[in-house]
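One-letter residues, chain by chain:
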Amino acid sequence: MNDFILETEGMTKEFRGFAAVSGVNLKVRRGSIHALIGPNGAGKTTCFNLLTKFLPVTRGRITYDGRDITAMKPAEVARLGLVRSFQISAVFPHLSVMENVRVALQRQRGNSFDFWRPASLLKQYDSRAMELLEDVGLTEYAQLSAGQLPYGRKRALEMATTLAMEPQMMLLDEPTAGMTAEDVDRIVALVKRVSVGRTVLLVEHNLKVVEGLCDRITVLARGQVLAEGDYAEVSRNPEVIAAYLGEDPQSVGAPESVHV
């Protein structure tokens, strides 16, 4: 079995001649938590969209779990176990927390979501839905309308619906964006818990989260890989510091950690 579950070779995305992502070579080790970071406009979300096939690549190759997925569609890679979350909260606000998870679990029936069948037939999913809600700390909110959840709890619900897809690898797009310090701590603990037995690739702006959570970090700038390593390595890299602080690399003196 390949040590790397996800690999890209020369991954490039151009929009009318502008290269949003250019020649990205990425290797994500199986079972790791890997961060994709960089200043605004670095190409992080575009990379996520390319990896999960919401955008087609202009050039390059993407391999997941030993299979070439370059030309696949989003639903096809999701069925292979490569599942993502999005920056914007995406729940069914008028369904209960339990019902949101149950809809995700209905994927097990194939292409049918059973919206026209008696509700009693969906009870078979309740036990697993409650297990997932327990995993993300939402059991006490099971019957609450999802639209009533605080923002941090909605992100936890999204984690539960993502887990319902039984992913082998999870791509989390800014999981702590817009959260209070308390919510950030809760989500970090949650990511650590659900990453057991899985691989996680995340985009994250909060470098304290990255420092405490990730095994390896890839830094993007202007659509290209600028640096890669553990937190200690990348946070002291003069080019990384320059990218975040907008300074000339030659003017960055003794290496200092990036703090943003």
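Residues numbered from 1 in each chain as written. Predicted model: local features only at pLDDT ≥ 70, side-chain atom pairs only at ≥ 80, totals over all residues. Heavy atoms only, no water.

## Quick word on the sheet that holds strand β8 (residues 199–203)
Filter applied, for reference: Paired strands, in this sense, are two strands between which DSSP finds at least two bridges. The numbering of helices and of strands both runs from the N terminus, where a helix is a DSSP run of H or I of at least 4 residues and a strand a run of E of at least 2. An axis is simply a line fitted to the C-alpha atoms; with a helix, the fit covers only the stretch in contact. Between two such axes, the angle follows the N-to-C directions and lies from 0 to 180 degrees. Should any heavy atoms of two residues lie within 4.5 Å, those residues are counted as being in contact.
With mixed pairing, six strands are arranged side by side in an open sheet as β6-β7-β8-β3-β9-β10. The sheet is open, and its two borders are formed by β6 (82–84) and β10 (224–229), each paired with just one other strand. On average, adjacent strands in this sheet sit at an angle of 20° to one another, irrespective of strand direction. Where strand β3 (residues 33–37) meets β8, four bridges bridge the pair, whose relative direction is parallel. Opposite His34, over in β8, you have Leu201 as the bridge partner. Running at roughly 125° to β10, helix α9 (residues 238–245) makes contact with β3, β9 (216–221) and β10 of the sheet.

## Brief notes about the pattern of salt bridges
What counts, and what does not: One speaks of a salt bridge when a side-chain nitrogen belonging to Lys or Arg is within 4 Å of a carboxyl oxygen belonging to Asp or Glu. Think of it in three bands: with a 1.4 Å probe and only protein chains considered, a residue is buried below 20% of the maximum accessible area for its type, exposed above 50%, and partly exposed in between.
Scanning all chains against the criterion turns up twelve salt bridges. Here Arg59 makes a salt bridge to Glu14, at a shortest N to O gap of 2.9 Å. With Arg59 in strand β4 (residues 59–64) and Glu14 in strand β1 (residues 4–15), the pair connects residues that are 45 residues apart, well separated along the chain. Note on Arg59: relative accessible area 45%, which makes it partly exposed. A salt bridge links Arg155 to Glu158; the shortest N-O distance between them is 2.8 Å. Note that Arg155 and Glu158 are positioned in helix α5 (residues 151–164) at a spacing of three residues, about one turn of the helix. We classify Glu158 as buried; its relative accessible area is 6%. What you see here is one network of salt bridges that share partners, running through Glu9, Arg61 and Asp68.

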